[in-house]
Amino acid sequence: MELQLGDVQTTALIPLVIKANETQRKNARINDVKAVEIVRSLNVDMNQYDKFMSHEGVVARTIMLDQQLKKLILDNPDAVIVNVGAGFDDRFSRVDNGSILWFDLDLPDAINARKKAFSNQERVTMIAGNALNSQWCKPVQDAVANRFSKPIFLAEGLFMYLTMEQIRTFLDVLVENFPDGGMLIAEQNPKIMVKNEKHHDTVKSTNAHFKSGTDSGQEIAELVDGVHLVEEHSFNEEMRKYSMRGKLFALILPKMNDRWATFAW
């Protein structure tokens, strides 16, 4: 499979390769057969996309975000979920309860690549669009109206490539187009990582650049009236379970890792 991806969209190869490699390990902590299938079909050098810290971080965030989403689905089994900046993510297959409606949203080049890798699935819709404008919202609004449920949005590996003003715009799109409320699970990177992106073990191999960071999810919540922070957790909480290096990183550099946070409005 040949890919034509923009600089930021190319970063989707990082979690894809890591999930594929982890799946093929003995005692794998995550299982993503689709990632293995896609990687085998690509004609690119994969070594640059799988380094130790990124590997452990992607595994940790996959486990933690899956758990959080499953928890929310238990409380709302007919949920409408939008995976923003979906890339090659196959989270739907891991969290599906047989009832949820799922939307994979990404820029046109990323969706074109995704359509080559994923066949059509019942209750899953791919949307080519820019998350920073509201043109993509209509099918999600219709689904929400039919389900009488508040939507759940997932932004994994997205905010660090947006400026704070762009994040504000994205939140405005959500709040204005889904005025009855919703939830957002978003990954955030620390401010210090923006200044030290050249040291990031995998992103430095791409042409993408970190554009923002936060020290607390509260900084995101304060961007738009009505949005509040529900909870926030460092990936260190999961990473330190598996290796001495992970434990030391969490102990010595506790604020250097990414975090996930749940917001509501």
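Residues numbered from 1 in each chain as written. Predicted model: local features only at pLDDT ≥ 70, side-chain atom pairs only at ≥ 80, totals over all residues. Heavy atoms only, no water.

Caption draft 1: Here's a closer look at unusual backbone geometry. Even without being glycine, N27 reaches a positive phi, approximately 60 degrees. Position of N27 relative to the elements: it lies in the loop between helix 2 (13-23) and helix 3 (33-41). Its identity as a non-glycine residue notwithstanding, R123 has a phi of 70 degrees, on the positive side. You can see R123 is positioned in the loop between helix 6 (108-117) and strand 3 (124-128). With relative accessibility at 23%, the residue R123 sits in the partly exposed group. (Helix = DSSP H or I, 4+ residues; strand = E, 2+ residues; numbered from the N terminus. Buried < 20%, exposed > 50% of the residue type's maximum accessible area, 1.4 Å probe, protein only.)

Caption draft 2: Here's a closer look at the nonpolar core. The biggest cluster of nonpolar side chains holds 34 residues, and the ones touching the most others in it are W136, V140, F153, F159 and L184. Among the secondary structure elements, those contributing two or more residues to this core are strand 1 (80-84), strand 2 (101-106), helix 7 (137-147), strand 4 (152-155), helix 8 (164-177), strand 5 (183-188), helix 10 (218-221) and strand 7 (259-264). A per-element tally of this core places helix 8 first, with five residues. Other than its neighbours up to four places away in sequence, V140 contacts V80, V82, F103, I127 and F178. Ranked by size, the runner-up nonpolar core spans 22 residues in total, among them I14, I30, M46 and I63. (Core = buried A, V, L, I, M, F, W, Y, C linked by side-chain atoms within 4.5 Å. Contact = heavy atoms within 4.5 Å.)

Caption draft 3: Helix 4 (residues 52-75), seen in detail. With 24 residues, helix 4 ought to run about 34 Å at 1.5 Å a step, and its terminal C-alpha atoms sit 35 Å apart, in line with that. Among the 24 residues of helix 4, 17 are classified as buried, and the element is accordingly described as predominantly covered. (Expected span 1.5 Å × (residues − 1).)

Caption draft 4: Just empty space enclosed by the protein, in detail. If you walk through the whole model with that rule in mind, you get one cavity of 30 Å³ or more. Counted as a void, the largest cavity has a volume near 40 Å³. Looking at side-chain class alone, the lining of the largest cavity contains four nonpolar, five polar and no charged residues. (1 Å grid on protein atoms, 1.4 Å probe; cavity = no way out; pocket = protein on both sides within 12 Å on 5 of 7 lines; lining within 4 Å. Points joined across faces, edges and corners; volume = space filled by probe spheres on them. Nonpolar A, V, L, I, M, F, W, Y, C, P; charged D, E, K, R; others polar.)

Caption draft 5: Broad picture of the packing of helix 2 against helix 4. Where helix 2 contacts helix 4, the axes come no closer than 9 Å and their chain directions differ by 85 degrees. In terms of axis orientation, helix 2 runs roughly perpendicular to helix 4. On helix 4, the residues touching P15, I18, K19, N21 and E22 of helix 2 are S54, H55, V58, V59, R61 and T62. When its residues are assigned to classes, the contact of helix 2 with helix 4 shows four nonpolar, four polar and three charged. (Axes fitted to C-alpha atoms, helices over the stretch in contact; angles between N-to-C directions. Parallel < 35°, antiparallel > 145°, perpendicular 65-115°, else oblique.)

Caption draft 6: Representation of the packing of helix 2 against helix 3. Interhelical geometry of helix 2 versus helix 3 gives an angle of 115 degrees and a closest axis separation of 8 Å. Looking at the two axes, helix 2 sits roughly perpendicular to helix 3. Crossing of helix 2 against helix 3: the hand is left-handed. Here L16, V17, K19, A20 and T23 of helix 2 lie close against helix 3, whose contacting residues are V33, A35, V36, I38 and V39. Here the contact of helix 2 with helix 3 is built from residues that sort into eight nonpolar, one polar and one charged. (Left-handed = near helix turned anticlockwise from the far one by under 90°.)

Caption draft 7: Region of interest: the packing of aromatic side chains. Counted according to the given criterion, the structure contains seven aromatic pairs. Between Y161 and F210, the ring centres sit 5.7 Å apart and the planes meet at 35 degrees, which makes this aromatic pair tilted. Separated by 49 residues along the polypeptide, Y161 in the loop between strand 4 and helix 8 and F210 in the loop between helix 9 (191-195) and helix 10 bring together distant segments of the chain. Under the relative-accessibility criterion, Y161 is labelled buried at 8%. Given the relative accessible area of 9%, F210 is considered buried. Each residue in the set W136, F153, F178 and W265 is aromatic and connected to the rest through ring pairs, giving one cluster. Looking at R29, its charged tip hangs above the ring of Y242, at a distance of 4.7 Å from the centre. Directly above the ring of F118 sits R114, whose terminal nitrogen or CZ lies 4.0 Å from the centroid. (Phe/Tyr/Trp six-rings, centres within 6.5 Å; stacked < 30°, edge-to-face > 60°. Lys NZ or Arg CZ within 6 Å of the ring centre and 35° of its normal.)

Caption draft 8: Quick peek at the environment of G57. By the secondary structure assignment, G57 is in helix 4. What makes G57 buried here is its relative accessible area of 13%. Sequence separation between G57 and R114 is 57 residues; the distance between their C-alpha atoms is 23 Å. Among residues more than four places away in sequence, those in contact with G57 are F235 and M239.

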